[in-house]
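Results of the structural survey
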Amino acid sequence: THFGYETVTESVKQERVAEVFTSVAESYDKMNDLMSMGVHRLWKDHFVSSLNPGATNPTGMPQRILDVAGGTGDIAFRMLQHAHANNGNPNVHVTISDINPAMLSVGKQRSLSLPASHQSSLSFLEANAEVLPSSLKDNSLDLYTVAFGIRNFSNMPAALREAYRVLKPGGIFACMEFSKVDKYPIFNAIYKQWSFSAIPLIGQLVAGDRDSYQYLVESIERFPSQEEFRDMIAGAGFAIVGKGYEDLTGGVAAIHKGIKP
Ligand code: SAM
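Throughout, a residue's number is its position along its own chain's written sequence, starting from 1. The model is predicted, so local features are restricted to residues of pLDDT at least 70 and side-chain atom pairs to those at 80 or more, both for listing and for counting; the totals for chains, interfaces and linings are taken over all residues. Side-chain numbers here rest on the full set of heavy atoms in the structure, without hydrogens or water.

**Let's talk about the overall build of the protein**
Working definition: helices are DSSP H or I runs of at least four residues, strands are E runs of at least two. Numbering for both runs from the N terminus. Counting secondary structure elements, the protein contains 10 helices and seven strands. At 18 Å, the protein has a C-alpha radius of gyration in line with the 18 Å of a compact globule built from 261 residues. Viewed in the frame of its principal axes, the protein has a C-alpha envelope of about 50 × 45 × 35 Å. For every residue, the accessible area obtained with a 1.4 Å probe (protein chains only) is divided by the maximum for its type, and the residue is called buried under 20%, exposed over 50%, and partly exposed between those limits. Counting all 261 residues of the protein, 50% fall into the buried class. By the convention used here, residues are in contact when the closest approach between their heavy atoms is within 4.5 Å. A separation of at least 24 residues holds for 77% of the contacts in the protein among residues at least 6 apart in sequence. Only C-alpha atoms enter the radius of gyration, while the globule expectation follows 2.2 Å times N to the 0.38, with N the number of residues.

As structure tokens, then:
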């Protein structure tokens, strides 16, 4: 049946994604720098400043954030840093959740070099974004972030429904993901050339793993356009402000946001 087929392909995808991230966990951070020529750091800084975590009225109110597919911690660590340094708010708690124990364990290791006050505001949770545990209660979070994670999910609508469930009314869903450069044909041609030839090659030479990086490039290609993805977010019940997304580097990546009404 159609249903049966979908179930099989979803679980095959989930296994493939598990293999990829178990294999790349140790080299993940170094590879991000090489593949994006360092630009992923600027995107992540921009993503976090645009969310302005820790900004509450009155100042210093508690905020609960879930960083889904949080991997090795890049987004969560930046959010804590921003909350403390820019908003003087130590009452922000971030949970890093990820389906992959190898990625989480690199994240835990990295978190040991954070200031103690940041470490105590951080927790780790092994969880599938499509079926978050019931310990994450309905209407309980202020902010849900997912960066470069959602394209790996087998069932994106299910993950969006879970995001909607756990956010408070007024809570924000924010996603940063690779996207489409279709608006700039020449840049797009150069970018495609880079992705399809250089990235698998760097993967092979630096991480000794061509296949995983080939998968990553293909998963970017298959991900919906900015407008299609925005419509999926709206379809899950989120309110969209303006056009609903912001392109980064001509659309190589994009930030999408939705508000739970
Ligand atoms: N957010 C981090 C960053 O920006 O550096 C990590 C992104 S990494 C490219 C993608 C992560 O998604 C991996 O750690 C992977 O284990 C996780 N992932 C894939 N499928 C998942 C799922 N169904 N639920 C939760 N995490 C998942």
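**A short note on the packing of helix α3 (residues 39–51) against helix α4 (residues 74–85)**
For helices, the fitted axis covers only the stretch in contact; all axes are lines through C-alpha atoms, and the angles between them, taken along N-to-C directions, range from 0 to 180 degrees. It is the contact of α3 with α4, at a shortest axis distance of 10 Å, that shows an interaxial angle of 50°. Classified by the interaxial angle, the pair formed by α3 and α4 is oblique. With respect to the hand of their crossing, α3 and α4 are arranged in right-handed fashion. Residues His 40, Arg 41, Lys 44, Asp 45, Phe 47, Val 48 and Ser 49 of α3 form the contact with α4, whose participating residues are Asp 74, Ile 75, Arg 78, Met 79 and His 82. If an angle is under 35 degrees, it is roughly parallel; if it is over 145, roughly antiparallel; if it lies from 65 to 115, roughly perpendicular; otherwise it is oblique. Crossing chirality is assigned from the near helix's rotation relative to the far helix, an anticlockwise turn below a right angle marking it left-handed and a clockwise turn marking it right-handed.

**Examining the nonpolar core**
Where a protein is soluble and globular, its nonpolar side chains tend to be buried together. Definition used in this section: a nonpolar core is a set of buried Ala, Val, Leu, Ile, Met, Phe, Trp, Tyr and Cys residues joined via side-chain atoms within 4.5 Å. Trp 43, Phe 47, Val 94, Leu 122 and Met 176 are the most contacted members of the largest nonpolar core, which totals 30 residues. Among the elements of the structure, α3, α4, β2 (92–98), β4 (141–147), β5 (167–178) and β7 (253–259) are those that each provide at least two residues to this core. Take this core: its biggest share by element is six residues, from α4. Core analysis: the second largest hydrophobic core is formed by 24 residues, Leu 141, Val 146, Ile 150 and Leu 160 among them.

**What about the site of the ligand?**
Neighbouring residues of the ligand: 19 residues in total, closest Ala 69, Asp 98, Asn 128, Ala 129 and Ala 147. Whenever two N or O atoms come within 3.5 Å, that pair is a polar contact, provided that in protein one can donate a hydrogen and the other can accept it, and provided that, for residues adjacent in sequence, both atoms are side-chain atoms. One nitrogen or oxygen atom from the main chain of Ala 69 is found 2.9 Å from a nitrogen atom belonging to the ligand. A distance of 2.9 Å separates a nitrogen atom of the ligand from a polar backbone atom of Ala 129. In this classification, the charged set is Asp, Glu, Lys and Arg, the nonpolar set is Ala, Val, Leu, Ile, Met, Phe, Trp, Tyr, Cys and Pro, and all remaining amino acids, among them Gly, are polar. Class assignment of the residues belonging to the shell around the ligand gives a composition of 11 nonpolar, five polar and three charged. Near, as used in this document, describes a residue that has one of its heavy atoms within 4 Å of the molecule or strand being considered.

**As for the packing of helix α7 (residues 156–166) against helix α10 (residues 226–235)**
Two numbers describe how α7 lies on α10: the axes approach to 9 Å, and their chain directions differ by 50°. As the angle between them shows, α7 and α10 are arranged oblique. In the packing of α7 onto α10, the handedness of the crossing is right-handed. Residues Met 156, Pro 157 and Leu 160 of α7 lie in contact with α10, whose contacting residues are Phe 229, Met 232 and Ile 233.

**Observations concerning the pairing of β2**
Counting buried positions along β2 yields six of seven residues, so the element is predominantly enclosed. In this description, strands pair whenever DSSP reports at least two bridges between them. The sheet contact formed by strand β1 (residues 63–68) and β2 spans six bridges and is parallel. Following the sheet pairing, Gln 63 is matched in β2 by Val 92. Pairing of β2 with strand β3 (residues 122–126) involves five bridges; the strand directions are parallel. Looking at β3, one finds that Ile 96 is bridged to Phe 124.

**Quick notes on the environment of Glu 221**
Relative to the helices and strands, Glu 221 is located in helix α9 (residues 210–222). On the basis of relative accessible area, Glu 221 is assigned to the partly exposed category, the value being 39%. Between the C-alpha atoms of Glu 221 and Lys 192, which are 29 residues apart in sequence, the distance is 9.2 Å. Ignoring sequence-local partners within four residues, the contact set of Glu 221 consists of Lys 180, Lys 192 and Phe 196.

Everything listed is a geometric property; what it means functionally is a separate question.
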